[in-house]
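Now for the letters of each chain:
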Number of protein chains: 2
Amino acid sequence: MRKSIATVSLSGPLSEKLTAIATAGFDGVEIFENDLLSSPLSPEEVRLRCADLGLSIDLYQPFRDFEAVPADVLARNLRRAERKFAVMERLGADLLLVCSSVAPESADDDDLAAGQLRLLADRAELHGIRIAYEALAWGRHVRTYDHAWRIVEQADHPALGTCLDSFHILSRGSDPKGIADIPGEKIFFLQLADAPLMAMDILQWSRHHRCFPGQGGFDVAALVTAVVQAGYRGPLSLEVFNDVFRQADASSTAVDALRSLLLLEESAGLSAPPAPAVPSGFAFAELTAADTEPLRAVLGALGFARAGRHMSKPVELWEQGEARILLNTGVSGRRPGPALAAIGVETPDPDRAARRAEGMLAPVVPRRRAPRDAPLDAVAAPDGTELFFCRTARPDHSSWTGDFTAVPSLALPGGPGEPAAIIRRIDHIALTQPWHQFDEAALFHRGVLGLEVDDSLDLADPYGLVRSRAVASPGGGVRIVLNIAPAPGGEETRLQHIALATDDIVGAARRIRERGLGLLPIPANYYDDVAARYEPAPQDLAALAELGILYDRDENGEFFHCYTATIGRLFFELVQRTGGYRGYGAQNAAVRLAAQHAHQQGV
Amino acid sequence: MRKSIATVSLSGPLSEKLTAIATAGFDGVEIFENDLLSSPLSPEEVRLRCADLGLSIDLYQPFRDFEAVPADVLARNLRRAERKFAVMERLGADLLLVCSSVAPESADDDDLAAGQLRLLADRAELHGIRIAYEALAWGRHVRTYDHAWRIVEQADHPALGTCLDSFHILSRGSDPKGIADIPGEKIFFLQLADAPLMAMDILQWSRHHRCFPGQGGFDVAALVTAVVQAGYRGPLSLEVFNDVFRQADASSTAVDALRSLLLLEESAGLSAPPAPAVPSGFAFAELTAADTEPLRAVLGALGFARAGRHMSKPVELWEQGEARILLNTGVSGRRPGPALAAIGVETPDPDRAARRAEGMLAPVVPRRRAPRDAPLDAVAAPDGTELFFCRTARPDHSSWTGDFTAVPSLALPGGPGEPAAIIRRIDHIALTQPWHQFDEAALFHRGVLGLEVDDSLDLADPYGLVRSRAVASPGGGVRIVLNIAPAPGGEETRLQHIALATDDIVGAARRIRERGLGLLPIPANYYDDVAARYEPAPQDLAALAELGILYDRDENGEFFHCYTATIGRLFFELVQRTGGYRGYGAQNAAVRLAAQHAHQQGV
């Protein structure tokens, strides 16, 4: 279906919005009146600009407080409408959104409303304009889509139809089933927005917290299905009022917006893009640093050994169990401090994964590839991390590991009887997102990779709340934690960490400490509280406290975790899960974050 | 009364919070458990630190999910309590907050709850500890203060009392009248928070949107009066969970917090500080710039004439009608671009105004005063603007104008028949506050100056929402608009503007243009909309459009306004009010803000 977006959904002046909308790939726009009023472009110039950009103007909106008024107000409102018809003719727009009145002088009188809307449609028709009447969820008398439709039906005018809006319908808990009763050709327009489920005043909810479909809690797909089954053939059009999107870069928001519509089409059964190739595990994490010595020291202490060197690039492969870390020593000046630059995920079908990603507008990362390199497709995640689709050492596909030649180990010599590995694999990776991309990051990982999205949590950092949300593959093989820092900051302030799974965290932590790597100290007060809450055996508690290991429990199992110091933007976590523990130790986050701040300040 | 605050109300680690709390002047603290758990300080060290700082530890909190549980859970909960009693003994805290259970295993059984709380109080008493039981507004079974009190009454134990919390009581709309039925000595503690009136989930409201008394919509003073009348003699203690305060500087938040308690005491009739000397108008606005030429050009074009020079400082007085602008040419490097540095307000009693300000913790600005200077008291507003209390040219008080000697006028020569002045006076001054000080700025202006606070508005800037709130004297002689920019930024990004009142905006704008000063161009589309909405006479509309004059109307009158370009952080507005128009043209803000962005980018 054709795809549109209301200009109010994006940041910036009208001309920048139009460029961002066209560049993202939308077919059309709704011109939000305030954007036009604020623009130095005349309506004719906006029309030309849209034509140049290949955008149709699908709707002009909104026209407010028209219907069910006394005769003198009606006369004034009709004159007001004529002025707007003139603007629309200059714009080349032929559909006007009229939303149900909130004015005190409007009467609770459907006959009057229908009659006056019929008059308006008569006038509109003379200009080749049609009217789409929509129920605002907070309208004075008309608040539901079926009520608006009854009035339209009663008015019975060819230039008058209804506009359906997923927010207004779903925020009131209306049942979309009744949409089947509306003839498709009388649904003149369909506006789409999602929203997080919040028990709050609908007007405030609508004005500040709308988001793109798939980012909130509404079943927008079911509504779209109902509307299409009713025979609607107009565009799918986004109308989102959101405090964050108002501030965010318009071009990236526009791409995220279009992606949400592509996923929505798929969910509603209206398109069939390549299915996601859901990853089963991490193939590698790639670290970069101008000076790699500190990273080598940490990797060595964690038990990693250098296993290979890339044949054509300055990249080393460090391994332990199934955990693989690439150390990229050929970093440019852009990311001088140690940072996580890329993630490889194991996928059942790298080609399909890449096609899916491209189809879902993930930016493909251009690779300089040496002639012998195994083909490796990568896309950029919203925070800039590169995402590679791998199939490691399987007979059916070339393996990226084939590009590495074995080198002498750089591991520390083990003590007598020391087991080969203390780390089994990468448990999860945590990435701090740019402050305005929290919702789109979750949608990206769901839509592009097919990961499942957990609920969002607020974690108490000493200097503000950190929002956090995990995305994971069904089996837990891939787990990514998306965080957003309390205050806006540059890339260098966005921490990243790699959590490594061990089967014996106490032994592993001891070994690491013996190798000279300090672990993050945790205050003794925390262990008093663990003792009060969980009553562990005293010797177990002493071991945890000695090593700075944090503890959590859920209905399925237990979780033990501890942390290295932070270097650059990066730190490591050691985790041990027992039973079926599913979380990430969120309730320990406040203590850990405070300890990290204290440690960095040398307290 | 003694004044306390919960550590959770402030940003940072525990040790920094304690310092900020003591420095602001509080008498005591509530130790929020998570702050202790995250602290490297042992309980003994916290005790010592508080003693050093002169702070009593008035409460340890919270102890959760204790009462009305099965026997095995009770046994576990009592062991958990014993652990916390031990921590409290180390801390030297003798009052524990127990909040009503939210646990699924708690029973809806007041007898059981009372019996188990009696058991807890027995144990506590052995440690010299008392228990304050509080109803959480979202408790599983106990949600109201009177229900919590009934259980405490039934338990009937000397070491068990109740804790009242204004948020939990007022957010549910409970009537504080019933507090009179609780014996004062059984009210062990009183926690205070305000909140903006929002129709939303109480738990989310409480966790993110609490604010200090006077900053929200609750009648906290009436509640305090009721509690004091019941015989409560403990501290007034703030407990505020607020996303912004979590990020803001702890020392400034602590001062604002204490100011809110001082104002609350006054409102509740518990103290009688010097009454505010409500200002009646602006005496002057003081501008600074390293290079004052651009400002001189603008002032000249606006019709100001240089009337005097300060006898001992590099400051010029420019006048027009009752509008006076001080031009400070001796600016340091700290504020190189033109900026508004100070405001003088006309007050009936400068000495009382200064005493009031000091009593309300307004930072007194140290003045270097030459021997002959008239005494002029100044305090710093939250955004750093200096605020002077003036009594201009009145027989009962020395006037600051006496420090200026007349100088030859620098005004442009008027044309034939040109009226002496186009500006009558300063209509209002708009100041952009630091992003985390919006609520405290309003409370400052109300508490220190006695101004009335309007509702907060959201204005749509192209790059985000601007929150805006006016404070004004009852007659409108002093009007200050407090804005907060969409995104955090340094002082240099915080715009300021001075609105000048005229009786003939069209004539004034023409004169200003003739003098070569360009006014902010407003898009033609805006005037199409004015025509549609208000149907002005075509010639009037043409004049407005030609000069870039915006238009608004309310039930009392009309408002016309236009703008100069921005230099440094500063711009001027020309306004004409007719009838009793009370606002500031908020509905034109989006168009004006877009025009300013476009103008600054040279579009």
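That block above? That's the structure.
Since we're looking at a predicted model, the values are computed, not measured. Every chain begins its residue count from 1, and numbering advances along the sequence as written. Whichever chain is written first is A, and whichever ligand is written first is 1; the rest continue in order. Since the coordinates come from a predicted model, pLDDT governs what is reported: local features require at least 70, and pairs of side-chain atoms require 80 or more to be given and counted, while whole-chain, interface and lining totals use all residues. Side-chain measures were taken over the full set of non-hydrogen atoms in the model, leaving aside hydrogen atoms and water.

Chemist: What's the story with the interface of chain B and chain A in this structure? I'm lost.
Modeler: How big an interface is tends to be stated in terms of the accessible area lost upon association of its parts. The contact criterion used is simple: two residues touch if any of their non-hydrogen atoms lie within 4.5 Å. Listed by partner, the interface residues are 50 residues for chain B and 50 residues for chain A. Throughout, buried area stands for the accessible area (probe radius 1.4 Å) lost by two parts on being put together, summed over both. When chain B packs against chain A, the two sides together hide about 3800 Å² of surface, and 54% of this comes from carbon and sulfur. For the chain B face of the interface with chain A, the top three residues by lost area are Leu37, Tyr463 and Asn525 of chain B, together amounting to 16%. The salt bridge definition used is simple: a Lys or Arg side-chain nitrogen within 4 Å of an Asp or Glu carboxyl oxygen. Where chain B touches chain A, the interface holds six salt bridges. For Arg90 of chain B, the salt bridge is made with Asp528 of chain A, and the minimal N-O distance between the two is 3.2 Å. Distance and chemistry together define a polar contact, namely a pair of N or O atoms within 3.5 Å, with one atom able to donate a hydrogen and the other to accept it when in protein, and with adjacent residues in sequence counting only for side-chain atoms on both sides. Between the two partners, chain B and chain A, sit 24 residue pairs in polar contact (both at pLDDT 80 or more). By definition, any uninterrupted DSSP run of H or I lasting at least four residues is a helix, any uninterrupted run of E lasting at least two residues is a strand, and each is numbered from the N terminus. The set of elements that each furnish at least two residues to the side of chain B that touches chain A consists of helix 2 (33–37), helix 4 (71–91), strand 18 (452–461), strand 19 (464–472), helix 15 (524–534) and helix 17 (589–600) of chain B.

Chemist: Any chance you could explain the pairing of strand 11 (residues 315–320) of chain B here in plain terms?
Modeler: Two faces, one strand: in a regular strand the side chains alternate between the faces of the sheet. All names here are of chain B. For every residue, the accessible area (1.4 Å probe, protein chains only) is compared with the maximum for its type, and the residue is labelled buried under 20%, exposed over 50%, or partly exposed between those bounds. Most of strand 11 sits out of view: five of its six residues are buried. Two strands are counted as paired when DSSP detects at least two bridges linking them. Of the pairings in the sheet, the one linking strand 10 (residues 305–310) to strand 11 comprises four bridges and is antiparallel in character. Note on strand 11: the bridge partner recorded for Arg309 is Glu316. The antiparallel hairpin formed by strand 10 and strand 11 contains four residues in its connecting segment. Hairpin connection of strand 11 to strand 12 (residues 323–328): two residues between the antiparallel strands, including Gly321 at a positive phi of 55°.

Chemist: Can you help me understand the sheet that holds strand 3 (residues 56–63) of chain A in this one?
Modeler: Each strand in a sheet pairs with its neighbour through backbone hydrogen bonds, running either in the same direction (parallel) or in the opposite one (antiparallel). All names here are of chain A. The eight strands are arranged 1-2-3-4-5-6-7-8 in a closed barrel whose pairing can be described as parallel. The sheet shows a mean angle of 30° between the axes of neighbouring strands, taken without regard to direction. For strand 1 (residues 3–6) and strand 8 (residues 236–238), the ladder comprises three bridges, and the chain directions are parallel. Within the sheet, the bridge partner assigned to Ser4 lies in strand 8 and is Ser237. Angles run from 0 to 180 degrees between N-to-C directions of axes, and those axes are lines fitted to C-alpha atoms, restricted for helices to the stretch in contact. Contacts between helix 6 (residues 145–155) and the sheet are confined to strand 5 (130–134) and strand 6 (160–165), with strand 6 contributing the most and set at about 170° to the helix.

Chemist: Before we go on, may I ask you to explain the packing of helix 1 (residues 14–24) of chain B against helix 3 (residues 43–53) of chain B in this structure?
Modeler: In a packed pair of helices, the relevant descriptors are the angle between the two axes and the axis-to-axis distance. Residue and element names in this part refer to chain B. Where helix 1 meets helix 3, the axes come as close as 10 Å, and the angle between the chain directions of the two elements is 20°. Taken together, helix 1 and helix 3 sit at an angle that is classed as roughly parallel. Here the hand of the crossing between helix 1 and helix 3 comes out right-handed. Contacts between helix 1 and helix 3 involve Leu14, Ser15, Leu18, Thr19 and Ala22 on the former and, on the latter, Val46, Arg49, Cys50 and Leu53. Ten residue types, Ala, Val, Leu, Ile, Met, Phe, Trp, Tyr, Cys and Pro, are classed as nonpolar, four, Asp, Glu, Lys and Arg, as charged, and the remainder, Gly among them, as polar. Tallied by class, residues from the contact of helix 1 with helix 3 come to six nonpolar, two polar and one charged. For this classification, under 35 degrees means roughly parallel, over 145 means roughly antiparallel, 65 to 115 means roughly perpendicular, and everything else is oblique. For a crossing to be left-handed, the near helix must be turned anticlockwise from the far one by less than a right angle; the clockwise case is right-handed.

Chemist: Help me understand the packing of aromatic side chains, please; the structure alone is not making it clear to me.
Modeler: Residue and element names in this part refer to chain B. In this analysis, rings of Phe, Tyr and Trp, with Trp reduced to its six-membered ring, are considered paired at centre separations within 6.5 Å, and the interplanar angle assigns stacked below 30 degrees, edge-to-face beyond 60, and tilted for intermediate values. Enumeration according to the criterion identifies 28 aromatic pairs over all chains in this entry. Ring geometry for Phe212 and Phe245: centres 4.7 Å apart, planes at 10°, overall stacked. Here Phe245 lies in the loop between strand 8 (236–238) and helix 10 (250–267) and Phe212 lies in the loop between helix 8 (202–209) and helix 9 (220–229), a separation of 33 residues in the sequence. Like Phe245, Phe212 is buried. Pairing Phe559 with Tyr581 gives two aromatic rings, centres 4.7 Å apart and planes at 5°, and the pair type is stacked. Placement of the pair is Phe559 in strand 23 (residues 557–563) and Tyr581 in the loop between strand 24 (570–579) and helix 17, with a sequence separation of 22 residues. Residue Phe559 is classed as buried on the basis of its relative accessible area of 0%. Classification of Tyr581 as buried rests on a relative accessible area of 4%. A positively charged side chain is recorded as over a ring if its NZ (Lys) or CZ (Arg) lies within 6 Å of the ring centre. The angle to the ring normal must also be within 35 degrees. For Arg130, the ring lying beneath its charged end belongs to Phe188, and the centroid distance is 4.0 Å.

Chemist: Where do I start with the relation of the copies chain B and chain A in this structure?
Modeler: What relates the pair of chain copies is a rotation about an axis plus a shift along that axis. Of the transformation placing chain B onto chain A, the axial shift is 0.0 Å and the rotation is 180°, giving an RMSD of 0.1 Å. As the rotation angle and translation indicate, the two copies are arranged about a two-fold axis. Residue Met200 of chain B of chain B places its C-alpha closer to the rotation axis than any other residue of that unit, at 1.9 Å. Take the interface residues of chain B: 100% of them recur as interface residues in chain A, which is what a same-surface contact looks like. In superposing the copies, a least-squares fit is computed on C-alpha atoms, taking residues whose pLDDT is at least 70 in both.

Chemist: Would you mind going over the packing of helix 1 (residues 14–24) of chain A against helix 10 (residues 250–267) of chain A with me for this structure?
Modeler: Residues and elements named next belong to chain A. Contact geometry of helix 1 with helix 10 gives a least axis separation of 8 Å together with a crossing angle of 40°. When the axis of helix 1 is compared with that of helix 10, the two are oblique. The way helix 1 lies across helix 10 gives a crossing that is right-handed. Here Ala20, Ile21 and Ala24 of helix 1 lie close against helix 10, whose contacting residues are Ala250, Ser251, Ala254, Val255 and Leu258. Of the residues that constitute the contact of helix 1 with helix 10, the class distribution is seven nonpolar, one polar and no charged.

Chemist: Please explain the sheet that holds strand 19 (residues 464–472) of chain A as it appears in this structure.
Modeler: All names here are of chain A. An order of 18-19-20-17-21-24-23-22 is seen for the eight strands of this open sheet, with the pairing classed as mixed. Only two strands of the sheet have a single neighbouring strand rather than two, namely strand 18 (452–461) and strand 22 (550–553). Each neighbouring strand pair of the sheet contributes to a mean axis angle of 25°, computed without reference to strand direction. Relative to strand 23 (residues 557–563), strand 22 is paired through four bridges, and the arrangement is antiparallel. Bridge pairing in strand 23 links Arg553 to Glu558. Along the sheet, helix 17 (residues 589–600) contacts strand 18, strand 19, strand 22, strand 23 and strand 24 (570–579); its crossing angle with strand 18, the most-contacted strand, is approximately 55°.

Chemist: So what exactly am I meant to see when it comes to the side chain of Gln320 of chain A here?
Modeler: With respect to the secondary-structure elements, Gln320 of chain A resides in strand 11 (residues 315–320). Apart from residues no more than four positions distant in its own chain, Gln320 of chain A is found in contact with Leu302, Gly303, Phe304, Ala421, Ile422, Ile423 and Arg424 of chain A.

Chemist: Whenever I open this one, helix 13 (residues 438–449) of chain A confuses me. Can you help?
Modeler: One turn of the α-helix equals 3.6 residues, which is why residues spaced by three or four share an orientation. Residue and element names in this part refer to chain A. With twelve residues, helix 13 should reach 16 Å at 1.5 Å per residue; the first-to-last C-alpha distance of 16 Å fits that figure. With eleven of twelve residues buried, helix 13 lies mostly within the body of the structure. Of all the residues in helix 13, the buried ones are Phe438, Asp439, Glu440, Ala441, Ala442, Leu443, Phe444, His445, Gly447, Val448 and Leu449. Helix span, expected: 1.5 Å multiplied by one less than the number of residues in the helix.

Chemist: Explain the nonpolar core here, please?
Modeler: Most often, soluble globular proteins have nonpolar side chains that are buried together. With 188 residues, the main nonpolar core has Phe26, Val46 and Leu192 of chain A together with Phe26, Val46, Ile179 and Leu192 of chain B as its most contacted residues. In contact with Leu192 of chain A, other than residues within four places in its own chain, are Ser166, Pro213, Val220, Leu223, Val224, Leu236, Ser237, Leu238, Glu239, Val240, Leu261 and Leu264 of chain A. Each nonpolar core is a collection of buried residues, namely Ala, Val, Leu, Ile, Met, Phe, Trp, Tyr and Cys, held together in the definition by side-chain atoms within 4.5 Å.

Chemist: I'm lost on the side chain of Asp256 of chain B in this one. Help?
Modeler: Take Asp256 of chain B: it is sitting in helix 10. What Asp256 of chain B contacts, discounting residues up to four positions off in sequence, is Gln437 and Glu440 of chain B.

Chemist: Is there a simple way to explain the environment of Asp109 of chain B in this structure?
Modeler: Residues and elements named next belong to chain B. Tracing the sequence through the fold places Asp109 in the loop between strand 4 (95–99) and helix 5 (110–126). According to the relative accessible area criterion, Asp109 is partly exposed, its value standing at 31%. Along the chain, Asp109 and Val69 lie 40 residues apart, while their C-alpha atoms are 9.4 Å from each other.

Chemist: Whenever I open this one, the pattern of salt bridges confuses me. Can you help?
Modeler: Charged atoms that come close allow side chains of opposite charge to pair. The final tally for this structure, using the stated rule, is 54 salt bridges over all chains. The salt bridge partner of Arg2 of chain A is Asp58 of chain A, with a shortest N-O separation of 3.5 Å. Of this pair, Arg2 of chain A sits in the segment before strand 1 while Asp58 of chain A sits in strand 3, and the two are 56 residues apart along the sequence. Owing to a relative accessible area of 36%, Arg2 of chain A belongs among the partly exposed residues under this scheme. Judged by its relative accessible area of 12%, Asp58 of chain A falls in the buried class. Through salt bridges with shared partners, a single ionic network connects Glu33 and Lys84 of chain A together with Asp529 and Arg533 of chain B.

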